[in-house]
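Take a look at the letters that make up each chain.
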Amino acid sequence: MTTEDKRLLRGARSRQLVLRHAVDTASLDGLEGLSFGKLASDTGLSKAGVQTLFKTKETLQLAALDFARDMFVDAVIQPARAQPHGVARLRALIEHWIVYAQAPLFTGGCYRVANMAEFDSRPGPVRDALVRDQRDWIATIARELRYAVDSGEIADLDIDLAAFQIDAVLCAANTALRLGESDAVSKIRRVVENLLIPAT
């Protein structure tokens, strides 16, 4: 391995370390709470070193969102793919989401919920990235609902509305879990099951 290869490997490891701390910080303090100085202190790297990796705060915020998105996909969406499309996969998505929020994967819970209100009225790349993640997640829920309807597993329903309702309940449950409301999980399951009325 050349000196250049070693330098690149060190840079990649440092970037991963900083981003892991960044997503936890953003889940607690919001993306606006990210700073090169705090991340340097958290990771033991120099402030100049962190700034060299990301250049600007917005670049850091966007990189943190991409990192969080990848972690979410690995924790929630990817494992659910072991189940067949439709009701089984939708239930798997919900159960993996519950683990993701209950454990939680990020110190402050769901990174989208923690940051959406902060950026919903602030146009720009960070808002665009949050909106992309939100729409992709709702589309994932809608896809399984549509499959369940089309295959006759469940009765016909307004798929867009049902996907919106499920996401809204998950967002509310994330907050409830952070506040220590232990019955939030049972409420999630009840709302989802009330939508999955078997076709007659």
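Everything here concerns the structure above.
Residues numbered from 1 in each chain as written. Predicted model: local features only at pLDDT ≥ 70, side-chain atom pairs only at ≥ 80, totals over all residues. Heavy atoms only, no water.

A word on the overall build of the protein
Line of reasoning, step 1. Counting its regular elements, the protein contains nine helices and zero strands.
Line of reasoning, step 2. C-alpha extents for the protein along the principal axes are approximately 65 × 40 × 30 Å.
Line of reasoning, step 3. Out of the 200 residues in the protein, the part that is buried amounts to 40%.
Line of reasoning, step 4. Excluding contacts between residues fewer than 6 apart, the proportion of contacts in the protein whose partners are at least 24 apart in sequence is 67%.
Line of reasoning, step 5. Accessible area of the protein: about 10400 Å², with a carbon and sulfur share of 54%.
Line of reasoning, step 6. Across the protein, the mean location of the 25 positive side-chain charges is 7 Å away from that of the 26 negative side-chain charges. (Helix = DSSP H or I, 4+ residues; strand = E, 2+ residues; numbered from the N terminus. Buried < 20%, exposed > 50% of the residue type's maximum accessible area, 1.4 Å probe, protein only. Contact = heavy atoms within 4.5 Å. Areas by Shrake-Rupley, 256 points an atom, 1.4 Å probe, with all protein chains shown as cover. Lys, Arg positive; Asp, Glu negative; His and termini not counted. Charge placed at Lys NZ, Arg CZ, Asp CG, Glu CD.)

Topic: helix H2 (residues 36-43)
Line of reasoning, step 1. Inspection of H2 places Phe36, Leu39, Ala40 and Thr43 among the buried residues, and these make up the whole buried set. Projected down its long axis, H2 shows its buried positions confined to an angular sector of 105°, all on one face.
Line of reasoning, step 2. In the stretch just after H2, Gly44 is the one whose phi turns positive, near 80°. (Arc of directions from axis to C-beta.)

Thoughts on the side chain of Arg89
Line of reasoning, step 1. As for its placement among the helices and strands, Arg89 is situated in helix H5 (residues 87-102).
Line of reasoning, step 2. One buried charged side chain, Arg89, makes no salt bridge at all; its nearest oppositely charged neighbour is Glu144, positioned 4.1 Å away.
Line of reasoning, step 3. Separated by 3.3 Å, the side chain of Arg89 and the backbone oxygen of Arg81 make a polar contact.
Line of reasoning, step 4. Residues in contact with Arg89, not counting those within four places in the same chain, are Ala80, Arg81, Gln83, Pro84 and Glu144. (Salt bridge = Lys/Arg side-chain N within 4 Å of Asp/Glu carboxyl O. Polar contact = N/O pair within 3.5 Å; in protein donor to acceptor, adjacent residues only side chain to side chain.)

Let's talk about the nonpolar core
Line of reasoning, step 1. By size, the foremost hydrophobic cluster in this structure holds 61 residues, and its most contacted members are Leu31, Trp97, Tyr100, Trp137, Leu145 and Ile166.
Line of reasoning, step 2. Looking at this core, the element that brings in the most residues is helix H4 (residues 57-80), giving 11 residues.
Line of reasoning, step 3. What Leu145 contacts, discounting residues up to four positions off in sequence, is Leu90, Ile154, Ile159, Ala162, Ala163, Ile166 and Leu196. (Core = buried A, V, L, I, M, F, W, Y, C linked by side-chain atoms within 4.5 Å.)

Concerning the packing of H4 against helix H7 (residues 125-150)
Line of reasoning, step 1. At a minimum axis distance of 9 Å, the contact between H4 and H7 shows a crossing angle of 10°. By the angle between their directions, the pair H4 and H7 is classed as roughly parallel. H4 and H7 meet at a crossing whose hand is right-handed. Contacts between H4 and H7 pair Glu58, Gln61, Leu62, Leu65, Asp66, Arg69, Phe72, Val76 and Ile77 from the former with Pro125, Val126, Ala129, Leu130, Arg132, Asp133, Asp136, Trp137 and Thr140 from the latter.
Line of reasoning, step 2. Split by residue class, the contact of H4 with H7 holds 10 nonpolar, two polar and six charged. (Axes fitted to C-alpha atoms, helices over the stretch in contact; angles between N-to-C directions. Parallel < 35°, antiparallel > 145°, perpendicular 65-115°, else oblique. Left-handed = near helix turned anticlockwise from the far one by under 90°. Nonpolar A, V, L, I, M, F, W, Y, C, P; charged D, E, K, R; others polar.)

So far we have only geometry, and geometry alone does not tell us how the molecule works.
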